[in-house]
Amino acid sequence: MRYRGLLEYYGKDFIAYKKEKPSDKKRNEFLRIISKFMTHYIEDDCPPSWKQCPASFWELFIFSFYPDHIKLSPTEQEVEIFLYQLKEFVRWLDKRSGTSWSPIIEQYSLEAFPELKICERSINWIFLRGFPRIHHNDWNLEQDHMYPATNMNT
């Protein structure tokens, strides 16, 4: 039953959180990632409320799910943005739902940061090796495929 968790439990909170800053691109990207996690990763084992989520829910989200969803960026600041948005969301959630996830999220963020930065740098490095102009406004995937990088040792 796809989207059950979002429909029954979490969707209202995600919508309320989004409505506070509807045009905030960073918040919207965070909500896209967490709702994807809820829908595709834990759909069959969805806790019925934020209070009933085990700490392993957040651990799975941060350490296992998020590394596969780090966006490419020329500034390599996506991990910092994600962790900041996660902390903001959890603080908001703690106030709204009476949970107390903030200390756990703070701890997980500190633990995960070095490894997530390695993932982010590695992903960017791999893509830049194959597509050196990927971050340029005039980048063309077809052109990069036709004329691959000539000097792969730089």
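Residues numbered from 1 in each chain as written. Predicted model: local features only at pLDDT ≥ 70, side-chain atom pairs only at ≥ 80, totals over all residues. Heavy atoms only, no water.

A. Expanded view of the overall build of the chain. For the chain, the count of helices and strands is 6 helices and 0 strands. Within the span of the chain, comprising 154 residues, buried residues form 37% of the whole. Long-range pairs, those at least 24 residues apart, make up 67% of the contacts in the chain with a sequence separation of at least 6. With the model as given, the accessible surface of the chain reaches about 9,500 Å², and the carbon-plus-sulfur share is 55%. (Helix = DSSP H or I, 4+ residues; strand = E, 2+ residues; numbered from the N terminus. Buried < 20%, exposed > 50% of the residue type's maximum accessible area, 1.4 Å probe, protein only. Contact = heavy atoms within 4.5 Å. Areas by Shrake-Rupley, 256 points an atom, 1.4 Å probe, with all protein chains shown as cover.)

B. Up close: the packing of aromatic side chains. Enumeration according to the criterion identifies 21 aromatic pairs in this entry. Between Tyr 17 and Trp 92, the aromatic rings sit 4.9 Å apart at their centres with planes inclined by 55 degrees, giving tilted as the arrangement. Placement of Tyr 17 in helix H1 (residues 4-20) and of Trp 92 in helix H4 (residues 78-97) is noted, with a sequence separation of 75 residues between them. The same class applies to Tyr 17 as to Trp 92, namely buried. The ring of Tyr 17 has Arg 27 sitting right over it, with the charged end atom 3.6 Å from the ring centre. (Phe/Tyr/Trp six-rings, centres within 6.5 Å; stacked < 30°, edge-to-face > 60°. Lys NZ or Arg CZ within 6 Å of the ring centre and 35° of its normal.)

C. The arrangement of helix H3 (residues 55-65) in detail. Of the residues making up H3, those classed as buried are Phe 57, Trp 58, Phe 61, Ile 62 and Phe 65. The buried residues of H3 occupy one face: seen down the axis, they fall within an arc of 125 degrees. Structurally, H3 contributes buried residues whose contacts are with helix H2 (25-41), H4 and helix H5 (102-130). (Arc of directions from axis to C-beta.)

D. Quick look at the side chain of Glu 78. Within the secondary structure layout, Glu 78 lies in helix H4. Ignoring anything within four residues of it in the chain, the contact list for Glu 78 reads Tyr 66, Ile 70, Lys 71, Ser 73 and Glu 120.

E. Main features of the packing of H2 against H4. Between H2 and H4, the shortest axis-to-axis distance is 10 Å and the interhelical angle comes to 80 degrees. Viewed along their axes, H2 and H4 adopt a mutual orientation that is roughly perpendicular. Contact residues: H2 offers Lys 26, Arg 27, Phe 30, Ile 33 and Ile 34, while H4 offers Ile 81, Phe 82, Gln 85, Leu 86 and Phe 89. Its residues assigned to classes, the contact of H2 with H4 shows 7 nonpolar, 1 polar and 2 charged. (Axes fitted to C-alpha atoms, helices over the stretch in contact; angles between N-to-C directions. Parallel < 35°, antiparallel > 145°, perpendicular 65-115°, else oblique. Nonpolar A, V, L, I, M, F, W, Y, C, P; charged D, E, K, R; others polar.)

F. Spatial organisation of H2. With 17 residues, H2 extends 23 Å between its outermost C-alpha atoms, agreeing within 8% with the 24 Å of an ideal straight helix rising 1.5 Å per residue. Arg 27, Glu 29, Phe 30, Leu 31, Ile 33, Ile 34, Phe 37, Met 38 and Thr 39 are the residues of H2 that are buried. (Expected span 1.5 Å × (residues − 1).)

G. Layout of the confidence of the model for the chain. The share of residues in the chain with pLDDT of 70 or more is 88%, and the mean pLDDT across the chain is 86. The least confident element of the chain is helix H6 (residues 141-146), whose mean pLDDT is 65; the most confident is H4, at 97. (pLDDT = per-residue confidence, 0-100.)

H. Representation of the packing of H2 against H3 in the model. Here H2 crosses H3 at 110 degrees, and the two axes come no closer than 11 Å. By the angle between their directions, the pair H2 and H3 is classed as roughly perpendicular. Along the contact surface, H2 presents Phe 30, Ile 33, Ile 34, Lys 36, Phe 37, Met 38 and Tyr 41, while H3 presents Phe 57, Trp 58, Leu 60, Phe 61, Ser 64 and Phe 65. Partitioned by chemical class, the residues of the contact of H2 with H3 number 11 nonpolar, 1 polar and 1 charged.

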